[in-house]
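One-letter residues, chain by chain:
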Amino acid sequence: MAAETCIAFLLAEELDADDNVPFVADALRHLQEVRNKAERNYINTVVPKYSISEFQTHFQLTPTQVEELIMSLEPLNWNFMRRKWPLRNIILSSLWTLTTLESYRDVAERFQTSKSVICDHLHEFCALIAEHFSDKISWPRGPEAEASAAGFSLAGLPGTLCAVGSCHIPIDKPQGVPVPEAYLNGKMFYSINLMGFCDHAGRFVHVSAEHPGGWHNSQVFETTEVGKALEEDPHALLRGHHLVGDATFPLSEHLLTPFPDYGNLVLRKGRYNWRVLSALKVIQSSFRVLHSRFRRLKSLQMHSIAKTSAAVRACCILHNVCLENNNPVQLDDTDCDTVSQEPFHSLPNGHSGSLGGISKRQDIAASLSKKRPQDIM
């Protein structure tokens, strides 16, 4: 305090007024507030004291991964005139915001800035991750494809390359879209349909995160790049393998689904269905881990579909980055948002499946061993 007092009196000497006591007191209070603020600075004083596990709990990535992220993002086309923070602050605050359900206002207070700065930089961060790190989500080919097929074989379903599924990301009533009510799903809340494709290890290999929550899974699937590729050149995409999905997807030679269960399934069909459900655990687990890592997905409150989609894609990319180093995650007790849908074959325009799909499903069911397979997850 002696140093602050000297500074205050030196400032006071520059005034011509005879009574400098009020000024000195104000100066001392101001200097003390500056010192207290510096001591409370979260990024500079609190974060450096975190252990690696504590750091990962709050930001999901390791300190090394954050440093690598800084080095990768720094050369990109940031608007330096608008940037009010160092890049490190932007990345840490954005990761914190995605990881927690803390209000945007509380996040701003923690990082000693405004709510608008937190939101603006979060949108910028998610857009950059979604655009420049898209290679972190890539379709398995070559050795990766064989490894994934081998992993799914442990679940007793040979020839499976990827599992496909969906969950719903809650949103506010969207603005600037032709039909906002299309985003109102079967549980009567607004959402976008996050459709994910993952390999045997739970890594996302393709995601679609912009379609309305009111759409059926089969409709979303047809509009994804994977769905279109299966129509145009399935061999180039699958190389003799197939996908596996639940009953909301259309059965085909390239996408296997369970047998309809009306309570009278023969043993081999029941065994096949059990193997399908076992294989689908991997995509269900991926969604649960995603929501546990990035709890903000339960309340993005971004209004814009484009910004919401970018944020979801960024979280899926960061999920894959975490898997690269086997970053641990504490699973939430609550499951991610799922919405029940009618089986595809029950839809007015649905069908029981292509002839190739029906035949392939029957052949696989007949070939399955009675031995209980090992679960993937």
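Here, residues in each chain are numbered from 1, in the same order as that chain's written sequence. Local features in this predicted model are restricted to residues whose pLDDT is 70 or higher, and side-chain atom pairs enter the listing and the counts only when it is 80 or higher, whereas totals over whole chains, interfaces and linings include all residues. Note that the side-chain values use all heavy atoms of the structure and ignore hydrogens as well as water.

### Quick notes on the packing of aromatic side chains
The relation between two aromatic rings is expressed through the spacing of the ring centres and the mutual angle of the planes.
Then step 1. Note on ring pairs: Phe, Tyr and Trp rings are taken, using the six-membered ring of Trp, and paired if centres are within 6.5 Å. Classes follow the plane angle, with under 30 degrees stacked, over 60 edge-to-face and the rest tilted. Within this structure, the stated rule accounts for twelve aromatic pairs.
Then step 2. Relative to Tyr 50, the ring of Tyr 42 has its centre 6.2 Å away and its plane inclined at 70°; by these criteria the two rings are edge-to-face.
Then step 3. Only protein chains enter the accessibility calculation, which uses a 1.4 Å probe; a residue is then buried when its area is under 20% of its type maximum, exposed when over 50%, and partly exposed in between. By relative accessible area, which is 5% here, Tyr 42 ends up buried.
Then step 4. Their ring planes at 70° and their centres at 5.1 Å tell us that Phe 259 and Tyr 272 sit as a pair that is edge-to-face. Of this pair, Phe 259 sits in the loop between β5 (255-256) and α13 (267-293) while Tyr 272 sits in helix α13; the two residues are 13 residues apart in sequence, bridging distant segments of the chain. Accessibility classification places Phe 259 together with Tyr 272 in one group, the buried group. Secondary structure elements follow DSSP: runs of H or I no shorter than four residues count as helices, runs of E no shorter than two count as strands, and numbering proceeds from the N terminus.

### Brief notes about the layout of surface pockets
Then step 1. Cavity means a closed set of points on a 1 Å grid over the protein atoms alone, one where a 1.4 Å probe fits but cannot get out, pocket means an open set with protein on both sides within 12 Å along at least 5 of 7 lines, and lining means a residue has an atom within 4 Å of a point. Grid points are joined across faces, edges and corners, and a volume is the space filled by probe spheres set on the points. In this model, the second largest pocket occupies a volume close to 250 Å³.
Then step 2. What lines the second largest pocket is a set of 13 residues, and nearest its centre among them are Phe 221, Leu 230, Glu 231, Pro 250 and Ser 252.
Then step 3. The dominant element in the lining of the second largest pocket, judged by the number of residues it contributes, is helix α11 (residues 225-232), at three residues.
Then step 4. Residue classes in the lining of the second largest pocket are distributed as five nonpolar, five polar and three charged. The nonpolar class holds Ala, Val, Leu, Ile, Met, Phe, Trp, Tyr, Cys and Pro. Asp, Glu, Lys and Arg form the charged class, and all remaining residues, Gly among them, are polar.

### Let's talk about the packing of helix α5 (residues 63-73) against helix α6 (residues 87-99)
Then step 1. Note on definitions: angles span 0 to 180 degrees between N-to-C directions of axes, and those axes are lines fitted to C-alpha atoms, for helices only across the stretch in contact. Between α5 and α6, the least distance of the axes is 10 Å, while the angle of their chain directions is 125°. On the basis of their axis angle, the class for α5 and α6 is oblique. For the element pair α5 and α6, the recorded crossing hand is right-handed. Contacts between α5 and α6 pair Val 66, Glu 67, Leu 69, Ile 70 and Leu 73 from the former with Leu 87, Arg 88, Ile 91, Leu 92 and Leu 95 from the latter.
Then step 2. Taken together, the residues of the contact of α5 with α6 break down into eight nonpolar, no polar and two charged. Geometric relationships in this document are graded by angle, where less than 35 degrees denotes roughly parallel, more than 145 denotes roughly antiparallel, 65 to 115 denotes roughly perpendicular, and other angles denote oblique. The handedness criterion is simple: a crossing whose near helix is rotated anticlockwise from the far helix by less than a right angle is left-handed, and one whose near helix is rotated clockwise is right-handed. By definition, residues are in contact when any of their heavy atoms lie within 4.5 Å.

### Some details on unusual backbone geometry
Then step 1. For Met 188, which is not glycine, the phi dihedral falls at a positive 65°.
Then step 2. Given the relative accessible area of 60%, Met 188 is considered exposed.
Then step 3. A positive phi is found at Arg 239, a non-glycine position, where the angle reads about 50°.
Then step 4. If you trace the backbone, Arg 239 turns up in the loop between α12 (234-238) and β4 (242-244).

### Some thoughts on α11
Then step 1. If you check which residues of α11 are buried, you get Val 226, Gly 227 and Leu 230. End-on, the buried residues of α11 take up no more than an arc of 100°, which puts them together on one face. Exposed positions of α11 whose direction lies more than 90 degrees from the buried face are Glu 225, Glu 231 and Glu 232. The arc in question is traced by the directions running from the helix axis to the C-beta atoms.

### Some remarks on the side chain of His 216
Then step 1. The residue His 216 is located in the loop between β3 (204-212) and α10 (217-223) in this model.
Then step 2. Polar contact is the term for a pair of N or O atoms within 3.5 Å; when the atoms are in protein, one must be able to donate a hydrogen and the other to accept it, and sequence-neighboring residues count only if both atoms are side-chain atoms. Among the polar contacts made by the side chain of His 216, one reaches the side chain of Ser 218 at a distance of 2.8 Å.
Then step 3. Sequence-distant contacts of His 216, defined by excluding residues within four places in its chain, comprise Thr 248, Gln 341, Glu 342, Phe 344 and Leu 347.

### Observations concerning the environment of Glu 67
Then step 1. With respect to the helices and strands, Glu 67 occurs in helix α5.
Then step 2. In this structure the C-alpha to C-alpha distance between Glu 67 and Arg 88, which are 21 residues apart in sequence, comes to 8.3 Å.

### Here we look at the sheet that holds β4
Then step 1. For two strands to be treated as a pair, DSSP must find at least two bridges joining them. Pairing is mixed across the open sheet formed by five strands, whose spatial order is β3-β2-β1-β4-β5. The sheet terminates laterally at β3 and β5, the two strands that pair on one side only.
Then step 2. Relative to β4, strand β1 (residues 160-170) runs parallel, the two sharing three bridges. When the sheet's bridge partners are listed, Ala 163 is paired in β4 with Val 244.
Then step 3. Sitting on the sheet, helix α14 (residues 305-324) touches β1, β2 (191-198) and β3, and the angle it makes with β3 is about 165°.

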